[in-house]
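Residue-level structure breakdown
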Amino acid sequence: MNVTRRPARTSSTARTAAILTTLALGLASTAVLGAGAGVSSASSHREAPLIAADPQVDNTDVYAFTSPDNQDTVTLVANWLPFQEPNGGPNFYPWADGAHYDINIDSQGTGKPDLTYRWTFHTEDRRGTNTFLYNNGVVNNLTDPTLLFRQYYTLQELRPGCDPVTLVEHGTAAPSDTGRASMPNYAGLRQQATVQLPDGGQTVATQAADPFFLDLRVFDLLYGGNLSEVGQNTLAGYNVNSLSIQIPKSRLAYKGDPGRNPVIGVWSSTEKQTMKLSPGKAEPAGKYVQVSRLGNPLVNEVVLPAGLKDAFNSLPPSEDHNQPAVVNKVLNPEVPQLVQAIYGLPAPATPRTDLQEIFLTGIAKATGGPFQVDLNSQLMNKDINAKKFVPAEELRLNMSTPVTANPDRLGVLNGDFQGFPNGRRLTDDVVDIALQVMEGATPGHLIAALAAGDKVNTADKPFGTVFPYVALPYDKAVNQPN
């Protein structure tokens, strides 16, 4: 991949290194600092006041990557309901009845979905007045009468101007894992819950070990004020509710042509109705409203001030470029100044106008911005109407980028162009990328003071090599005795 930057004239090697550095800097600075005119919630483990009180519909992370074992397809993974302690019964962790759990794809760069996959759940609760138990015996199959709490879903494919297409009419969600005695073969239950889709691909709704990995003591004065609070994967032991879908690239690409139109933008969102409350009942009523949204990781948690977070969760990406309050927070971001105050590392000069081109439009020669590299902007798609393109915060994936045989957890920072921000793989270490490149790291040359990062380099449980790739849920209590 040839990389240049205008107007500076340097040698090819130096020019490439400089742009990779700035690209990585923009990437991680956005991951930690902001993305320009619009920043969706991301890695949103309780990031906004309202959604923190409604965890069933709280997006936590979204991933998009070419399936390594089926490279004509893309796998999309979106997670909800963070910090699930495995022993949290007797009601455990159901999906919200009637809510719209959406994964959205923008193939034209308008900030609007050209395609949405929508899961809508309903519950069959067989406990009645007879028992408090989720299951009253061993569950080896999703149809066993011992499984008393069951959830089903409808999966629809939505395209503007077209009638909804139902892909799955009555899919069964894998239940919460209630323990080894109750569910001795959860992998088998998850496999039973995996559904083949009519035009190719597959999907599953399941509980999973939270794939995001980091030390959340970043919120304690940036790892204790002296990098002493590192090395603990805060999310180890916790589960999430996970939706995975594997789709042929031709279904995702504009006009069905991934050769001419390989770039897509991805985000997840949740809609729900307001609730009518009465003694012992909570019934949905009224119109659906968007309550949570997620694109790139780590943005809404540590960029937006508390007063903007709830409102931003309600916005579509098409409105991102119209949000001056968010622009101001990004052009003069808070986190680099905190790093400078606590660790003495100089903050990059402001205003950070370069970041807007990197994350609101994607990286492409056609953007006319400071970077001259075709990476992951919809403007690379040959058949779009460029006049309708708008800046919008999305997780952009170039589906034509070859799968990396040995993925590098630092992605672009170490020259792995299939890594974040070109989509996001489960193994991408977005926190360490952010810690390094926000302070000027170059490919192969890390900042010594931050070389160890947060010392959490992988997830606690290994990821799978086949769909849905996410690890099986934890079944031991988080608060195990030492």
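Because the structure is a prediction, the values reported are computed rather than measured. (Residues numbered from 1 in each chain as written. Predicted model: local features only at pLDDT ≥ 70, side-chain atom pairs only at ≥ 80, totals over all residues. Heavy atoms only, no water.)

**Thoughts on the overall build of the protein**
- Counting secondary structure elements, the protein contains eleven helices and 14 strands.
- The burial tally for the protein puts 56% of its 482 residues in the buried class.
- For the protein, the proportion of contacts with a sequence separation of at least 24, taken over those separated by at least 6, is 67%.
- Here the protein has roughly 19200 Å² of accessible surface; of this, 53% comes from carbon and sulfur atoms. (Helix = DSSP H or I, 4+ residues; strand = E, 2+ residues; numbered from the N terminus. Buried < 20%, exposed > 50% of the residue type's maximum accessible area, 1.4 Å probe, protein only. Contact = heavy atoms within 4.5 Å. Areas by Shrake-Rupley, 256 points an atom, 1.4 Å probe, with all protein chains shown as cover.)

**Things to note about the pattern of salt bridges**
- For the structure on display, the rule yields 17 salt bridges.
- With a closest N to O distance of 3.1 Å, Arg180 and Asp475 form a salt bridge. Remark: Asp475 occurs in the segment after α11 (430–437) and Arg180 occurs in the loop between β7 (165–172) and α3 (186–193); sequence separation between them is 295 residues.
- Residue classification places Asp475 among the partly exposed positions, given a relative accessible area of 22%.
- One salt-bridge network, in which partners are shared between bridges, spans Asp102, Arg118 and Glu271. (Salt bridge = Lys/Arg side-chain N within 4 Å of Asp/Glu carboxyl O.)

**Comments concerning the packing of aromatic side chains**
- In total, this model carries eleven aromatic pairs according to the counting rule given.
- Considering the side-chain rings of Phe467 and Tyr469, the 6.4 Å spacing of their centres and the 85° angle between planes classify their relative orientation as edge-to-face. Taken individually, Phe467 and Tyr469 each receive the classification buried, so the pair is uniform in this respect.
- When the ring centre of Tyr474 is taken as origin, the NZ or CZ atom of Lys461, which lies over that ring, is 5.1 Å away. (Phe/Tyr/Trp six-rings, centres within 6.5 Å; stacked < 30°, edge-to-face > 60°. Lys NZ or Arg CZ within 6 Å of the ring centre and 35° of its normal.)

**Some points on the environment of Pro297**
- As for its placement among the helices and strands, Pro297 is situated in the loop between β12 (281–294) and α6 (299–302).
- Given a relative accessible area of 0%, Pro297 falls into the buried group.
- Each C-alpha atom of the pair Pro297 and Phe212 lies 9.6 Å from the other, and the pair is 85 residues apart in sequence.

**So, the sheet that holds strand β10 (residues 239–248)**
- Reading across the sheet, the five strands line up as β2-β3-β10-β9-β8 and stay open at both edges, with antiparallel pairing between neighbours. At either margin of the open sheet sits one strand with a lone partner, and together these are β2 (59–66) and β8 (195–196).
- Sheet contacts for α3: β8 and β9 (202–209); angle to β9, the most-contacted strand, approximately 150°. (Pairing = 2+ DSSP bridges. Axes fitted to C-alpha atoms, helices over the stretch in contact; angles between N-to-C directions.)

**Side note on the nonpolar core**
- If you look at the biggest cluster of nonpolar residues, it comprises 70 residues, and the most contacted ones within it are Tyr101, Tyr117 and Trp119.
- In terms of residue count, strand β3 (residues 73–84) provides more of this core than any other element does, six residues in total.
- Contact partners of Trp119, with chain neighbours within four places excluded, come to Ala99, His100, Tyr101, Ile103, Tyr153, Thr154, Leu155, Thr203, Leu243 and Ile245.
- The next biggest cluster of nonpolar side chains, apart from the first, holds five residues, and it includes Leu222, Val339, Leu345 and Leu450. (Core = buried A, V, L, I, M, F, W, Y, C linked by side-chain atoms within 4.5 Å.)

**So, the confidence of the model for the protein**
- Residue-level pLDDT values for the protein average 83, and 79% of them are 70 or greater.
- Low pLDDT, under 50, characterises residues 1–43; the stretch is placed with 158 contacts to residues that sit more than four places away or in other chains. (pLDDT = per-residue confidence, 0-100.)

**Describing helix α9 (residues 335–343)**
- For α9, the set of buried residues is Val335, Pro336 and Val339. The arc that holds every buried residue of α9, seen down its axis, measures 105°, which confines them to one face.
- Phi for Gly344, located one or two positions after α9, is positive at around 80°. (Arc of directions from axis to C-beta.)

**Things to note about unusual backbone geometry**
- Between Phe420 and the following residue, Pro421, the backbone shows a cis peptide bond with an omega angle of 20°.
- In this fold, Pro421 is placed in the loop between β14 (395–398) and α11.
- Residue Pro468 is reached from Phe467 by a cis peptide bond, and omega for that bond is 5°.
- Here Pro468 lies in the segment after α11.
- Although it is not a glycine, Phe83 sits at a positive phi angle of roughly 55°.
- By secondary structure assignment, the location of Phe83 is in strand β3.
- Taking the relative accessible area as the measure of exposure, Phe83 reaches 26% and is therefore partly exposed.
- Phi angles above zero are rare outside glycine, and Leu227 is one such case at about 60°.
- Residue placement: Leu227 occurs in helix α4 (residues 221–227).
- Look at Leu227 and you get partly exposed, because its relative accessible area is 25%.

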